[in-house]
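Residues per chain, in single letters:
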Amino acid sequence: MGYRNLQQCIADLERTGQLVRLDQPVDARLEAGEIHRRVFQSGGPAILFANVRECRFPLVSNLFGTLERAKFLFRDTLDSVQRAIELKVAPERLMRQPGRYWRTPWTALRMRPRVTRHGPVLKNACRLGELPQLVCWPRDGGPFVTLPQIYSEDARQPGLAKSNLGMYRVQLAGNEYQPDREAGLHYQIHRGIGVHHRAALDAGKPFRVSVFVGGPPALTLAAVMPLPEGMSELGFAGALAGHRIRMARLPNGSHISAEADFCITGTVDPGVEKPEGPFGDHLGYYSLQHDFPVLRVEKVWHRDGAVWPFTVVGRPPQEDTAFGQLIHELTGPVLPTVLPGVKEVHAVDAAGVHPLLLAIGSERYVPWRPVDRPAELLTQANAILGQGQLSLAKYLWIIDAACDPDLRASDIARLLGRVLERVDWMRDLHFQTQTTIDTLDYSGDKLNEGSKLVIAATGPTRRELPARWAETESLPAGFGNPQVALPGMLVVAGPPHPAGRAVDPGLVRWIAALPQDRLAGGFPLIVVVDDSQFAARSLENFLWVTFTRSSPASDVWGAGVSVTGKHWGCRGSLVIDARCKSHHAPVLEPDLAISARVDALAARGGPLSRWL
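Heads up: these notes are all about the structure in this document. (Residues numbered from 1 in each chain as written. Predicted model: local features only at pLDDT ≥ 70, side-chain atom pairs only at ≥ 80, totals over all residues. Heavy atoms only, no water.)

Let's shift gears to the overall build of the protein. Counting its regular elements, the protein contains 18 helices and 30 strands. Its C-alpha atoms give the protein a radius of gyration of 25 Å, within 12% of the compact-globule value 25 Å for 612 residues. With the principal axes as the frame, the protein shows a C-alpha extent of 75 × 65 × 50 Å. Of all 612 residues assigned to the protein, the portion counted as buried reaches 58%. When contacts within the protein are restricted to residue pairs at least 6 apart in sequence, those whose partners lie at least 24 apart make up 73%. With an accessible surface of roughly 24,800 Å², the protein has 52% of that area assigned to carbon and sulfur atoms. (Helix = DSSP H or I, 4+ residues; strand = E, 2+ residues; numbered from the N terminus. Rg over C-alpha atoms; globule rule 2.2 N^0.38 Å. Buried < 20%, exposed > 50% of the residue type's maximum accessible area, 1.4 Å probe, protein only. Contact = heavy atoms within 4.5 Å. Areas by Shrake-Rupley, 256 points an atom, 1.4 Å probe, with all protein chains shown as cover.)

What follows covers a nonpolar patch on the surface. A contiguous nonpolar patch, built from Tyr-365, Val-366 and Trp-368 and spanning about 400 Å² of accessible area, is present on the exposed surface. For Trp-368, the location among the structural elements is in the loop between β20 (356–361) and α12 (376–384). Looking at Trp-368, the relative accessible area reads 65%, which means it is exposed. (Patch = residues over 30% accessible without salt bridge, like charges linked within 9 Å, V, L, I, M, F, W, Y side chains within 5 Å. Salt bridge = Lys/Arg side-chain N within 4 Å of Asp/Glu carboxyl O.)

Okay, the side chain of Asn-541 next. Take Asn-541: it is sitting in helix α16 (residues 539–548). Beyond its immediate sequence surroundings of up to four residues, Asn-541 is in contact with Arg-315, Phe-534 and Ala-535.

Once that is clear, we can look at the state of the cysteines. In total, this model carries zero disulfides according to the counting rule given. Left without a disulfide partner, Cys-55 is nearest to the cysteine sulfur of Cys-126, which lies 9.1 Å away. (Disulfide = S-S within 2.5 Å.)

Once that is clear, we can look at the sheet that holds strand β27 (residues 556–558). Strand order in the open sheet formed by five strands is β24-β25-β26-β30-β27, with mixed pairing between adjacent strands. Among the strands making up the open sheet, the edge pair consists of β24 (480–486) and β27. Direction aside, the axes of adjacent strands within the sheet are offset by 25° on average. Bridge count between β27 and strand β30 (residues 574–577): three bridges; the pairing is antiparallel. Each residue of the ladder has a partner; that of Gly-558, found in β30, is Leu-574. In this fold helix α14 (residues 505–513) packs onto β26 (525–529), β27 and β30, with an angle of close to 35° to the strand it touches most, β27. Along the sheet face, α16 touches β24, β25 (489–493), β26 and β30 and points at about 75° away from the line of β26. (Pairing = 2+ DSSP bridges. Axes fitted to C-alpha atoms, helices over the stretch in contact; angles between N-to-C directions.)

Taken as a whole and judged by the stated rule, the model has four cavities of 30 Å³ or more. By volume, the largest cavity amounts to about 70 Å³. Around the largest cavity sit Leu-283, Tyr-285, Leu-440, Asp-441, Tyr-442, Ser-443, Thr-548, His-584 and Ala-585, which together line it. Looking at the lining of the largest cavity, its residues break down into five nonpolar, three polar and one charged. Of the voids in this model, the second largest cavity is the one considered here, and its volume is about 60 Å³. For the second largest cavity, the full set of lining residues is Arg-4, Pro-216, Leu-219, His-243, Arg-244, Ile-245, Arg-246, Ser-257 and Glu-259. Taken together, the residues that form the lining of the second largest cavity break down as three nonpolar, two polar and four charged. (1 Å grid on protein atoms, 1.4 Å probe; cavity = no way out; pocket = protein on both sides within 12 Å on 5 of 7 lines; lining within 4 Å. Points joined across faces, edges and corners; volume = space filled by probe spheres on them. Nonpolar A, V, L, I, M, F, W, Y, C, P; charged D, E, K, R; others polar.)

Note that soluble globular proteins tend to have their nonpolar side chains buried in a common cluster. If you look at the biggest cluster of nonpolar residues, it comprises 52 residues, and the most contacted ones within it are Phe-74 and Phe-236. Taken together, the elements giving at least two residues each to this core come down to α1 (6–15), β2 (46–49), α3 (67–73), α4 (78–89), α8 (217–224), α9 (233–241), β12 (246–249) and α10 (320–331). At six residues, α9 tops the list of elements feeding residues into this core. (Core = buried A, V, L, I, M, F, W, Y, C linked by side-chain atoms within 4.5 Å.)

For α8, a buried count of seven out of eight residues is recorded, marking the element as mostly surrounded by other parts of the structure. Inspection of α8 places Pro-217, Ala-218, Leu-219, Thr-220, Leu-221, Ala-222 and Ala-223 among the buried residues, and these make up the whole buried set. Lining the buried residues of α8 we find α1, β7 (148–152), β8 (164–166), α9, β13 (255–257) and α10.

This part takes up the side chain of Arg-427. Within the fold, Arg-427 resides in the loop between α13 (412–422) and β22 (429–436). With sequence-adjacent residues up to four places away left out, Arg-427 is seen in contact with Asp-372, Arg-373, Pro-374 and His-567.

A word on the pairing of strand β29 (residues 567–570). Pairing analysis gives four bridges linking strand β28 (residues 561–564) to β29, with the strands arranged antiparallel. Note that in β29 the partner of Val-561 across the bridge is Cys-570. Between β28 and β29, which follow one another and run antiparallel, lie two residues, and Gly-565 among them has a positive phi close to 55°.

What follows covers the packing of α8 against α9. Interaxial distance between α8 and α9 falls to 8 Å at its minimum, and their mutual angle equals 135°. Comparing their axes, α9 and α8 come out oblique. For α8 against α9, the interelement crossing comes out right-handed. Between α8 and α9, the residues in contact are Ala-218, Leu-219, Leu-221 and Ala-222 and Glu-233, Leu-234, Phe-236, Ala-237, Leu-240 and Ala-241, respectively. Residue classes in the contact of α8 with α9 are distributed as nine nonpolar, no polar and one charged. (Parallel < 35°, antiparallel > 145°, perpendicular 65-115°, else oblique. Left-handed = near helix turned anticlockwise from the far one by under 90°.)

This part covers helix α7 (residues 192–203). Spanning twelve residues, α7 covers 17 Å between terminal C-alpha atoms, matching the ideal 16 Å at 1.5 Å per step. Of the residues making up α7, those classed as buried are Ile-193, His-196, His-197, Ala-199 and Ala-200. Taken down its axis, α7 places every buried residue within 160° of arc, on the same side. Of the residues flanking the end of α7, it is Gly-204, one or two places downstream, whose phi is positive at about 65°. (Expected span 1.5 Å × (residues − 1). Arc of directions from axis to C-beta.)

Two strands pair when backbone bridges link them, and strand β1 (residues 19–22) and β2 are joined in this way by four bridges, in the parallel orientation. The partner of Arg-21 across the bridge, within β2, is Leu-48. One crossover worth recording links β1 to the parallel β2 by way of helix α2 (residues 31–41), and it is right-handed. (Right-handed = clockwise from strand over helix to strand, strands pointing away.)

This brings us to the sheet that holds strand β19 (residues 344–347). Strand order in the open sheet formed by five strands is β19-β20-β21-β23-β22, with mixed pairing between adjacent strands. Two strands lie at the open edges of the sheet, namely β19 and β22, each paired on one side alone. For this sheet, the mean angle separating the axes of adjacent strands, direction not counted, is 15°. Alignment of β20 against strand β21 (residues 395–400), held across six bridges, turns out to be parallel. Looking at the pairing, Gly-361 lines up with Asp-400 of β21. Along the sheet, α13 contacts β19, β20, β21 and β23 (449–457); its crossing angle with β21, the most-contacted strand, is approximately 75°.

Shape descriptors only; they carry no functional weight alone.
Here's what the structure looks like:
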């Protein structure tokens, strides 16, 4: 069913038992977010918060809370959209398989937005302060829009054809923002809006930005979709919605989503930045306060019966996990056409997505000679790190498909194990230093700055991976409680990392005491953490701690290190220091008083009690 607005979507979910209405009064500050998190973690329904304290607009959340529900929303169009993406990437498929793509022209017709001078969103106006003041985590710097669609146009070629639609958070109040007149616009590196902002600066023109909230669910998914270069988000949304997206043209020449529930319009002035944040973000930590562009608000529109959709981000899995799963299903099959030789790429949600990529490649160029070292895999790794948001990856583990023909990149434990069975730490570590990483990742040197590490493996098995730590192996003072997270992967509790960014002399001494010419206890990988019991308790804990709390250039160590031709390697075990450091951001933790209030809500019974 192609929903033309959010109201149709809510009604359909409620009719099919996939949305529950909550009539009890709920506070938009922390309480709604706490309820959402619990219902999501329990696999519960979408939630309509019909009675929001001190706000006349209802809220809705968890619309995309499960992959099954996300597919349900677009059940009539997913197949046709996937085929359109396939043809965009590889047009020659039309000639080879005309039967598969005979409906594509109808999909293409829906990809052209429909321009109008009217729309439901233009019916009413209000102030920023009248919008839901949603705060999800205790240290957040103010209320945020967490499910926005940010629309911008190219100042050099204004209009819908060169527009960009992305999802970047918006801070509605707090810090130094002028009430009802300014909002914080946080967008990260390698985002399309940055190209438009640069073009406006170069042209000396105002940079116009519109923030849509609500409207057709297809626009929400389009805003987070990593589309092929040149493919319009509005066009993709039309294909996904099953109808042309209506865009209202304003007197100043800009466009807004006609069916949106809310729209904030304004301009970003050159050189004007103000502190934005903190904000509880999707790596499981706060992104700290930094200067970002300011949206000078001109108008806030809303439709009759407007509903404010929101989500909560935090340590994965969260609702955005379903976005990632759906995106992978749509784009995964066409990846080999974009990256020759690459079979699969998997962004590991449990590690915060960008900190860890797993890939399966292939060694094809010297078929007459046994493959005993990575070659083409390194070419493929560089190609992966050159693709859009994949370039933000911090760790990339890549293995030759011939090592395990049945291996899938989403089988995380198995892939890590296959790499560790074959890897040669003297040869197979490839660092990139002083480069870009995710804006939200604080393990690096500065905002947006850090390092990358490619670990590539192929060839026959070199070792068996131990599943237990031999008690005869000793650990120096301060390091202890060894736990096996996975075969071949040992987690050791270390003392608190010393304040500042200096090298920890205690860690250096410990590594010097390890065997320098063999693997300690047979373990190729040792991870030093603050709490080894927690890190080894589950695969998700191990991935989150290891890859969000370490920076390759400064936190990857090894026993028996040598540098040959500027290539770093080690003969003994590889050691990753994944302890919390003083420059890291705080971990997200809920407000205990709010948690108690939600506990009481569940105890009283009611429509959501089974999920709380």
